[in-house]
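Understanding the architecture of this molecule
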Amino acid sequence: RQRISTSRTSRTRLTRGVGHMGKRSAPGDPGAPLPSPQSADALILPHAHAFSLETASQASGIAADPPDGVIGCCAVSPGLVLLTLRAGSPSGYGLRDWPLLVGGAGVGDEPAFVLAYGGVVRSPLAVRFAAAAAAYMHGVDDAYFCGGSFWDGLGDRPTLRQIAERAVETLRGPLPLDEADRERWLAAEAQAAGKLRVVDEYRRMARCPDLVAPAPVLRAEWLVPALRPLVAGDAHAPPSSGEALLRAARAEPLADGIVAFDLFEPRFCELLLAEVDAYEATPLPRRRPNTMNRGGLIVNEIGLEPLMDLLLRRLIAPLAAHLYSAEPFAASLDHHHSFVVAYRHRGDECGLDMHHDASEATLNVCLGRDFTGAGLTLCGLRGGEPPSRGGGDGRERTLRHVHAHTRGHAILHLGRQRHGADDIVTGERYNLILWNKSSHHRLSKDFLAKYRSRPPAAPGGEAASGGEEAAPPDLACLSYTHDDDYENYKPYPPGKK
């Protein structure tokens, strides 16, 4: 699986199944334009996708007479069906029930592009496992969409029953593949099963079972009083509007698209930190939170994913739909990468260089402990196109705000907002961070365009934000990791060149 990379040596690797974005000529015709891998209107959400609406109309029939391995089926919104699958061996994918979402424009490339350059033709509609553990499945991409061999033999207009049966087959055993693919399938199942066993094992020893419950409740006492009536509840409670949430929270606008508000009571922060400490004291495996942070823990992988799902559904998604209504992902945030990061004075990680998040919108909540310093410096937006073509404002490296963290206080910003963690001066600081993502948006050209802009070049080359920078950068917004012209403005920090 190819993952998106913004390293200095490889600026633009595209998600598998989406295609190339560079201007190249078709074979045998040097002057021919590159066929578009995805048409401009390819991002079609379920409620506007005709075949999804037709497929969703079959949900009641599946619920009344489910195929083997399907234990639940319902239409959760127009054109979007949620299937719940229970399949696989007790030591593999059968260790958990799997939610499967069916609806929306499918994954893949346009036929002309595939004919010219290879790849996978767009599937009839989108089918996605709605669980982070699906990242370890063979044949599933980074946003957990099914592609490739999943659709073999199903034709252009498969029924919902055929899709459900194929999903069950996917969980129960390798499809008819060659030996190499079979080995990859078995290896992926073993890896996913290992992750699921860790969650099950830790749930039996957790300090606060309510935090890691498979069907959790956002308890009122965990939230500040102003948000309790609107956010507390379980997965069955309808979410409030973003406007109502902003008003109740008395959110403070820090800059365009950046708001801060009180979210958690100190008691919740203490509970979550105690859970992190308890897990780290076990021999169970853990991974670093992301490619930037070394200290911390991925809370999705220790049993908190259902609770973070609730936080996304009941708070973050409505806020994002209201605050970022002009963004193409506004109404479609549906999954997250959630983790706790730690910064310690005199530790190996005191702060974090300027960067962008691998998210559409980020929620960052300070959990404590005692510390000084360690603010959050926020700069401008990264744009996929230069300002002259309707993209970023050319001020990615312009200072917007410096935020002072306090326990229980949250800040919400776009993932493409350049920001960095200032060095901690004393003590240690922990933050809960949710990178919130839209699976459908990540299939679109709008998403991929974000990665086409290049960081600043050396003198005489192009500048930041796609080649146009409106003014010299603010020094606080420079990145020694990403900015090729960093040394034009100030020396590299020791050991960072």
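Check the entry above for the structure.
In short, a report on the structure. (Residues numbered from 1 in each chain as written. Predicted model: local features only at pLDDT ≥ 70, side-chain atom pairs only at ≥ 80, totals over all residues. Heavy atoms only, no water.)

**Things to note about the nonpolar core**
- By size, the foremost hydrophobic cluster in this structure holds 60 residues, and its most contacted members are Phe261, Leu263, Phe264, Leu315, Leu363 and Leu432.
- Of the residues forming this core, the biggest block, 10 residues, is contributed by helix 9 (residues 305-323).
- Leu432 has contacts with Phe264, Leu272, Val299, Met308, Phe339, Val340, Leu363, Asn364, Val365 and Leu367, leaving out every residue within four places of it along the chain.
- Residues Tyr93, Ala134, Ile163 and Leu196 belong to the second largest nonpolar core, which totals 40 residues. (Core = buried A, V, L, I, M, F, W, Y, C linked by side-chain atoms within 4.5 Å. Buried < 20%, exposed > 50% of the residue type's maximum accessible area, 1.4 Å probe, protein only. Helix = DSSP H or I, 4+ residues; strand = E, 2+ residues; numbered from the N terminus. Contact = heavy atoms within 4.5 Å.)

**Description of the pairing of strand 8 (residues 335-344)**
- Of all 10 residues in strand 8, nine are buried; the element is thus mostly enclosed.
- Here strand 7 (residues 296-298) runs beside strand 8; their pairing, made up of three bridges, is antiparallel. Bridge pairing in strand 8 places Leu297 opposite Val340.
- In the sheet, strand 8 pairs with strand 16 (residues 424-437) via 10 bridges, with the strands oriented antiparallel. (Pairing = 2+ DSSP bridges.)

**Things to note about the sheet that holds strand 3 (residues 98-102)**
- Ordered in space as 1-2-3-4, the four strands form an open sheet in which the pairing is antiparallel. Lying at the two open borders of the sheet, with one neighbouring strand each, are strand 1 (70-77) and strand 4 (127-129). Pairwise comparison of adjacent strand axes, ignoring direction, gives a mean angle of 20° for this sheet.
- Here strand 2 (residues 80-85) runs beside strand 3; their pairing, made up of five bridges, is antiparallel. Looking at the pairing, Leu82 lines up with Leu101 of strand 3.
- Where helix 4 (residues 160-172) meets the sheet, it contacts strand 1, strand 2, strand 3 and strand 4, and its direction lies at approximately 35° from that of strand 2. (Axes fitted to C-alpha atoms, helices over the stretch in contact; angles between N-to-C directions.)

**With respect to the packing of aromatic side chains**
- Under the counting rule described, the total for this entry stands at 11 aromatic pairs.
- Centroid distance Phe150 to Trp151: 5.1 Å. Interplanar angle 70°. Geometry classified as edge-to-face.
- Assessed through its relative accessible area of 4%, Phe150 is described here as buried.
- Each ring, one from Tyr202 and one from Tyr279, has its centre 5.0 Å from the other, and the planes form 70°; the classification is edge-to-face. Remark: Tyr279 occurs in helix 8 (residues 266-280) and Tyr202 occurs in helix 5 (residues 179-203); sequence separation between them is 77 residues. (Phe/Tyr/Trp six-rings, centres within 6.5 Å; stacked < 30°, edge-to-face > 60°.)

**What about helix 7 (residues 242-249)?**
- Along helix 7, the positions that sit buried rather than exposed are Gly242, Ala244, Leu245, Leu246 and Ala249.
- Against the buried residues of helix 7 lie helix 6 (228-231), strand 6 (258-262) and helix 9.
- Two residues or fewer after helix 7 comes Arg250, characterised by a positive phi angle close to 50°.

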